Every structure is written in C-alpha cells, then in structure tokens.
Amino acid sequence: MSIIDLLKEKIPPEKLFKLLRFWPPYLGAGIKVTNVSTDILKLEVEMDLTWYNKNFVGTHFGGSLFAMTDPFYMLMLIKNLGTNYIIWDKSAKIEFIKPAKGKVKAHFEFTKDEIDEIKYNCDLKKKYIFNKEIFIFDEVGELVTKVEKTLYVKKSNST
C-alpha cells in the first residue's frame, strides 16, 4: 500500500504523517513529522544532525535538507483537494543560505484561501502551476535553507 493509498483511508492525519519517519529515505536521514493539523493545512518537520546525515565538513548534508521538503506540499494537497485532482511536484530549487548545524525545522502551510484559489484556477484553466516556498531554520531560529517548489495541479478527467 502506497502513501497515496493511505491518504485515501480514514487514518488520522497526525498518525499517518508521523508514520513517514519509517519511510526508508526519512528513516536514514532522521527526518520526522513533529506536528500536523487535523485539517492537514499545517505541518512541521524536523531533523537532528547525526553521523548518518552529516556531510564532509560536519554540517547537514544538502540532500537531507532537500528531502525534508520533498513530498509534503503535494501530500497536503492530495488530502485537501481529494481524488478529483492530479497533483505533482513539478520542480524545485534549493538555496543554501548558511551551514546547517544541530536540529533544523521546516514549516509547511496552506490557507483555506490558497486551497480555494487552486480549485478556482483548476476549474478555470483545467490545470494550475504555482510556486510555494519552504524555509528551513536552525535551533536558534536562523534561516539556513530556502526551497521553492513548483506544484502542478490538474482536474482529473474522471470528474
């Protein structure tokens, strides 16, 4: 059973997203979902610096920082828009602001207005492509990494 299949089940979102820590890429990097709202419009992820996600100079491996941001906006949209939409991460751009040490955290959020805007644009144009940023902060709240995701949302032909 895939994560997409699990999203369609009646599993409480906090349980489902917290189970992602056992997905092999996240287990290996130590990435954990620490908080998810019941409406799945807000989500927080964190990662400690450990020997298995540390790079050659003793800071967070860039691939692990990127992995922290990889599926969450897409999964949040799948749960909030439902099965009448096809949703993909189309592209991403990462900018490393400063070396990341210690625990890092990322916050993901959609507003109800953004969800309505996505639905409106899909109704109007059949597909909608837009950018959404994620900021990763260190333990003292300093920005260490910025990721810009390009998301693709299209009305399913089955509607």
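Residues numbered from 1 in each chain as written. Predicted model: local features only at pLDDT ≥ 70, side-chain atom pairs only at ≥ 80, totals over all residues. Heavy atoms only, no water.

A. Fine view of the pattern of salt bridges. Tallying each qualifying case throughout the model produces 11 salt bridges. Residues Lys103 and Glu46 are paired through a salt bridge, measuring 3.3 Å at the closest nitrogen-oxygen approach. Linking Lys103 in the loop between strand 3 (85–96) and strand 4 (104–109) with Glu46 in strand 2 (residues 42–47), this pair joins segments that are 57 residues apart in sequence. A residue is classified by how much of its surface remains accessible, and Lys103, at 25% relative accessible area, is partly exposed. Here Lys98 makes a salt bridge to Glu142, at a shortest N to O gap of 2.4 Å. Here Glu142 lies in the loop between strand 5 (127–137) and strand 6 (143–155) and Lys98 lies in the loop between strand 3 and strand 4, a separation of 44 residues in the sequence. (Salt bridge = Lys/Arg side-chain N within 4 Å of Asp/Glu carboxyl O. Helix = DSSP H or I, 4+ residues; strand = E, 2+ residues; numbered from the N terminus. Buried < 20%, exposed > 50% of the residue type's maximum accessible area, 1.4 Å probe, protein only.)

B. Molecular detail of the packing of aromatic side chains. Per the counting criterion, the structure on display carries five aromatic pairs. Ring geometry for Tyr73 versus Phe108: centroids 5.2 Å apart, planes at 80 degrees, classification edge-to-face. With Tyr73 in helix 5 (residues 72–81) and Phe108 in strand 4, the pair connects residues that are 35 residues apart, well separated along the chain. Relative to Phe110, the ring of Tyr73 lies with its centre 5.0 Å away and its plane at 65 degrees, an arrangement referred to as edge-to-face. Of this pair, Tyr73 sits in helix 5 while Phe110 sits in the loop between strand 4 and helix 6 (112–125), and the two are 37 residues apart along the sequence. Like Phe110, Tyr73 is buried. (Phe/Tyr/Trp six-rings, centres within 6.5 Å; stacked < 30°, edge-to-face > 60°.)

C. Molecular detail of the sheet that holds strand 3. Spatial strand order, 1-2-4-5-6-3: six strands in an open sheet with antiparallel pairing. Strands at the two margins of the open sheet, each flanked by one partner only, are strand 1 (31–36) and strand 3. Strand-to-strand, the axes of this sheet are offset by a mean angle of 25 degrees, without reference to chain direction. In this sheet, strand 6 lies alongside strand 3 in antiparallel orientation, the contact comprising 11 bridges. Bridge pairing in strand 6 places Glu95 opposite Lys146. Sitting on the sheet, helix 5 touches strand 1, strand 2, strand 3, strand 4, strand 5 and strand 6, and the angle it makes with strand 3 is about 155 degrees. Contacts between helix 6 and the sheet are confined to strand 3, strand 4, strand 5 and strand 6, with strand 5 contributing the most and set at about 155 degrees to the helix. (Pairing = 2+ DSSP bridges. Axes fitted to C-alpha atoms, helices over the stretch in contact; angles between N-to-C directions. Contact = heavy atoms within 4.5 Å.)

D. Representation of the packing of helix 5 against helix 6 within the structure. At their nearest, the axes of helix 5 and helix 6 sit 11 Å apart, and the two run at 75 degrees to each other. On the basis of the axis angle, helix 5 is roughly perpendicular to helix 6. Of helix 6, the residues touching helix 5 (which contributes Leu77, Asn80 and Leu81) are Ile115, Ile118 and Lys119. Residues that form the contact of helix 5 with helix 6 fall into these classes: four nonpolar, one polar and one charged. (Parallel < 35°, antiparallel > 145°, perpendicular 65-115°, else oblique. Nonpolar A, V, L, I, M, F, W, Y, C, P; charged D, E, K, R; others polar.)

E. Quick look at the environment of Gly28. Position of Gly28 among the secondary structure elements: in helix 3 (residues 24–29). On the basis of relative accessibility, which here comes to 40%, the residue Gly28 falls in the partly exposed class. In the structure, Gly28 is positioned 25 residues away from Asn53 in sequence and 7.7 Å away in space, judged by C-alpha atoms.

F. Fine view of the pairing of strand 2. Of the strand pairs in this sheet, strand 1 and strand 2 are connected by five bridges, and their pairing is antiparallel. Following the sheet pairing, Asn35 is matched in strand 2 by Glu44. As consecutive antiparallel partners, strand 1 and strand 2 are separated by five residues, and within that stretch Ile40 has a phi angle of approximately 55 degrees, a positive value. Summarising the sheet, strand 2 and strand 4 pair through six bridges and their orientation is antiparallel. Across the sheet, the residue bridging to Lys42 is Glu109, located in strand 4.

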